[in-house]
Amino acid sequence: MSTAADGMITAGELAGRGPDPAGARRGRRRGQVNTGLVVGLVMTVTFLAIAALSLVWTPADPNAVAPADRLLPFGSPGHLIGTDALGRDIASALMIGARTSIVVAAGAALLGLVLGTVAGLTAASARPFVDETVMRGADILLSIPGVVFALVLAATVGAGVGSTVFALSVFFTPSFTRVVRAAALRVLGEDYVAAAQLYGRNRLFILARHVLPNIFSVLIVQFTLYFAVGILTEAGLSYLGVGVNRPDISWGMLLKEAQETVGVASPLAIWPGLAIVFAVLGLNLLGDGLRDVLDPRLRKRAS
């Protein structure tokens, strides 16, 4: 005849089993630091700090020509990274280039974010005819390569910071529109939105009170990623001569100027290339890290 003790676990047996593995794994995950997010944040803050410093100080005038100091090597007195073929200070040019990259890339990403958010929310909340019209317009814009549009724009209104920002924003807007529409449709299908509609809340109230706060994390991540795309695209446009030109300075323009001395002074091309890689990699790591932290579906999957 069995007793109650037969179905019980003694204290010694419980101690012999050790800690709960699943609980231990959950505890370790809670204590883990998102390394990519931290590294990306440090790199991005460094990039932004250098650009901010260029507003008040640079080692020299990046446009000042000094033939006697042409092609000075790395570590030269007064020119830490050296000079270009006309004796202009490379470190100063890189600092100004960081500022230009922020103005162009962040400006284009922010403009694309605003326009894409308005278009995406309109498409998600309006009637099917409006939704279809907006999305087909976005598809048409997506079918036009951004570089081709920038070339046409530069040929008509001229190259420069303003035209580059406009060209990139036109290139970014349809992508933001599609992302915002998809995220908004997911939120509009929730029960609390249906409850708000039953209470007689109008469309603008629902979009401002329920939809926008719930897709804000998506907007932040997308802005960060398109910020990086903007830096890379602007560098390509300036390298082709349809982006930023002197007296403004950008990293792509420095690459274009350095191609004339490749083989004679190759580091002239290496420095702006490294700057582009550093900024784009930092922003991509930051965007991926923010997505992992802010996306509830990823958090649920990880747990």
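The structure presented is a predicted model; accordingly, all values stated were derived computationally and were not measured.

1. Topic: the overall build of the protein
Looking only at helices and strands, the protein has twelve helices and zero strands in total. Traced from its N-terminal end to its C-terminal end, the protein shows the element sequence α-α-α-α-α-α-α-α-α-α-α-α. By residue count, 38% of the 303 residues in the protein fall in the buried class. Across the protein, the fraction of contacts at a sequence separation of at least 24, relative to all contacts at a separation of at least 6, is 70%.

2. Side note on helix 6 (residues 146-157)
If you check helix 6, its first and last C-alpha atoms are 16 Å apart, about what twelve residues at 1.5 Å a residue would give, namely 16 Å. Three or more residues of helix 6 are buried, namely Gly146, Ala150, Leu153 and Ala154. The buried residues of helix 6 occupy an angular sector of 100 degrees when projected down its axis, which confines them to one face. Turned more than 90 degrees away from the buried face of helix 6 sit Ala155 and Thr156, all of them exposed. Contacts made by the buried residues of helix 6 are with helix 7 (161-188) and helix 9 (203-240). Positioned one or two residues after helix 6, Gly158 has a phi angle of 100 degrees, which is positive.

3. Here's the deal with the packing of helix 7 against helix 9
In the contact formed by helix 7 and helix 9, the axes pass within 9 Å of each other and the chain directions differ by 150 degrees. For the element pair helix 7 / helix 9, the angle class is roughly antiparallel. Seen along the crossing, helix 7 lies across helix 9 with a hand that is right-handed. The class makeup of the residues in the contact of helix 7 with helix 9 is 18 nonpolar, seven polar and one charged.

4. Section: the nonpolar core
Ranked by internal contacts, the top residues of the largest apolar core, which has 29 residues, are Leu121, Leu168, Phe172, Val211 and Ile215. When contributions to this core are tallied by element, the ones reaching two or more residues are helix 4 (90-125), helix 6, helix 7, helix 8 (191-198) and helix 9. If you tally residues by element for this core, the top one is helix 7, at nine residues. Setting aside chain neighbours within four positions, we find Ile215 in contact with Leu121, Val180, Ala183, Ala184 and Val187. Of all hydrophobic cores here, the second largest spans 28 residues; its members include Ala91, Leu254, Val280 and Leu283.

5. Points about unusual backbone geometry
Residues Arg246 and Pro247 are joined by a peptide bond in cis, for which omega reads 15 degrees. Looking at the secondary structure, you find Pro247 in the loop between helix 9 and helix 10 (251-258). The backbone phi angle of Leu71 is positive, close to 55 degrees, even though this residue is not glycine. Relative to the helices and strands, Leu71 is located in the loop between helix 3 (35-53) and helix 4.

6. Structural notes on the environment of Arg88
Along the chain, Arg88 turns up in the loop between helix 3 and helix 4. Judged by its relative accessible area of 11%, Arg88 is buried. For the pair Arg88 and Leu72, spaced 16 residues apart in sequence, the C-alpha separation works out to 9.5 Å. When residues no more than four places from it in sequence are discounted, the contact partners of Arg88 are Pro62, Asn63, Ala64, Val65, Gly82, Thr83, Arg246 and Glu257.

7. Remarks on the confidence of the model for the protein
Scored by pLDDT, the protein has a mean of 86; 87% of the residues are at 70 or more. Here residues 1-18 is modelled with pLDDT under 50, and outside its nearest four sequence neighbours on either side it reaches three contacts, counting other chains as well. Across residues 22-28, confidence stays below pLDDT 50; counting only partners more than four residues off in sequence or on other chains, it has one contact.

8. Side note on the packing of aromatic side chains
Applying the stated criterion across every chain, the model contains eight aromatic pairs. Considering the side-chain rings of Phe47 and Phe227, the 6.5 Å spacing of their centres and the 50 degrees angle between planes classify their relative orientation as tilted. Remark: Phe227 occurs in helix 9 and Phe47 occurs in helix 3; sequence separation between them is 180 residues. Taken individually, Phe47 and Phe227 each receive the classification buried, so the pair is uniform in this respect. When the centroid spacing of 5.8 Å and the interplanar angle of 45 degrees are considered together, the rings of Phe47 and Trp251 count as tilted. Of the two residues, Phe47 is situated in helix 3 and Trp251 in helix 10; the sequence distance between them amounts to 204 residues. Through pairs of rings, three or more aromatic residues link up here, namely Phe47, Phe223, Phe227 and Trp251. The residue whose ring lies beneath Arg201 is Phe205, and the NZ or CZ to ring-centre distance is 4.8 Å.

Rules used in this analysis
- Residues numbered from 1 in each chain as written.
- Predicted model: local features only at pLDDT ≥ 70, side-chain atom pairs only at ≥ 80, totals over all residues.
- Heavy atoms only, no water.
- Helix = DSSP H or I, 4+ residues; strand = E, 2+ residues; numbered from the N terminus.
- Buried < 20%, exposed > 50% of the residue type's maximum accessible area, 1.4 Å probe, protein only.
- Contact = heavy atoms within 4.5 Å.
- Expected span 1.5 Å × (residues − 1).
- Arc of directions from axis to C-beta.
- Axes fitted to C-alpha atoms, helices over the stretch in contact; angles between N-to-C directions.
- Parallel < 35°, antiparallel > 145°, perpendicular 65-115°, else oblique.
- Left-handed = near helix turned anticlockwise from the far one by under 90°.
- Nonpolar A, V, L, I, M, F, W, Y, C, P; charged D, E, K, R; others polar.
- Core = buried A, V, L, I, M, F, W, Y, C linked by side-chain atoms within 4.5 Å.
- pLDDT = per-residue confidence, 0-100.
- Phe/Tyr/Trp six-rings, centres within 6.5 Å; stacked < 30°, edge-to-face > 60°.
- Lys NZ or Arg CZ within 6 Å of the ring centre and 35° of its normal.

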